[in-house]
Amino acid sequence: MSRYCSRCHKAHAICICDAITKIDNPNPVILLQHPDEVSHPKNSACLLSLSLQHCVTLVGEDFSQHPQLNGLLADPDINYVVLYPGENALPLSEMMAEGASAKQGIILLDGTWKKAYKMYQLSTNLQALPSVSIAAKMPSHYQIRKSRKPGALSTLEAGYIALSQLEDNAKRYQPLLDSFNTMIARQLAFLPNASQRRD
């Protein structure tokens, strides 16, 4: 028997499936996941994917010729943007204020900053899409995994903020943070006391 849950990919001792609330998100999400993140025990993207009803996860580095992604991008009823803080990125709130399609899709890059940068640079189809940034009004709660970049958020937190801003409805997406905090608490509780003190 595997030590890991086949659904949330966490060790059975810290499985978070019972904490997941399914959310009907009107605006679809595409998660582009770096291969190194698939089995990472501290990854938050799986939790986001399991929680959102309209979410597709694709794994790879260069998505330029990815048939499934390009098929999704060709949907005339959905305008996709990439959540990526590049030089030309517009604040998501500003973009919505200017008026956008009633159905707006969000693409999230799941990986470290270095890996996300490489994914974006390799994927010419992503560069052809509008890029947006979000204003984080909260510090990251991602205590179990640190980033060297100030103000960095986990993939789940970024998804929560983007969807909340897009629909002006943080209440709808609060269950994402609730399950995320449960995941963190269970992983911290599972750490030896010495590890907790070092953090």
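Residues numbered from 1 in each chain as written. Predicted model: local features only at pLDDT ≥ 70, side-chain atom pairs only at ≥ 80, totals over all residues. Heavy atoms only, no water.

## Digging into the sheet that holds strand β1 (residues 29-33)
Here is step 1: If you walk across this open sheet you meet the 6 strands as β2-β1-β5-β3-β6-β4, and the pairing is parallel. A single partner strand is all that each edge strand has here, and the edge strands are β2 (55-59) and β4 (90-91).
Here is step 2: In the sheet, β1 pairs with strand β5 (residues 104-110) via 5 bridges, with the strands oriented parallel. Its bridge partner being in β5, Ile-30 is matched across the sheet by Ile-107.
Here is step 3: Sheet strands in contact with helix α4 (residues 113-122) are β1, β3 (79-83), β5 and β6 (131-133), and its direction is about 125° off that of β5. (Pairing = 2+ DSSP bridges. Helix = DSSP H or I, 4+ residues; strand = E, 2+ residues; numbered from the N terminus. Contact = heavy atoms within 4.5 Å. Axes fitted to C-alpha atoms, helices over the stretch in contact; angles between N-to-C directions.)

## With respect to helix α6 (residues 155-167)
Here is step 1: The end-to-end C-alpha distance of α6, which contains 13 residues, comes to 18 Å, matching closely the 18 Å that a straight helix rising 1.5 Å per residue would cover.
Here is step 2: Within α6, 12 of the 13 residues are buried, leaving the element largely enclosed by the surrounding structure.
Here is step 3: Asp-168 lies just past α6 and shows a positive phi near 50°. (Expected span 1.5 Å × (residues − 1). Buried < 20%, exposed > 50% of the residue type's maximum accessible area, 1.4 Å probe, protein only.)

## Some details on unusual backbone geometry
Here is step 1: With a phi angle near 65°, His-9 is a residue other than glycine that sits in the positive phi range.
Here is step 2: Considering the arrangement of structural elements, one finds His-9 in the segment before β1.
Here is step 3: By relative accessible area, which is 43% here, His-9 ends up partly exposed.
Here is step 4: Residues other than glycine seldom take positive phi values, yet Asp-168 does so here, at roughly 50°.

Everything listed here is a matter of geometry and, on its own, says nothing about what the molecule does.
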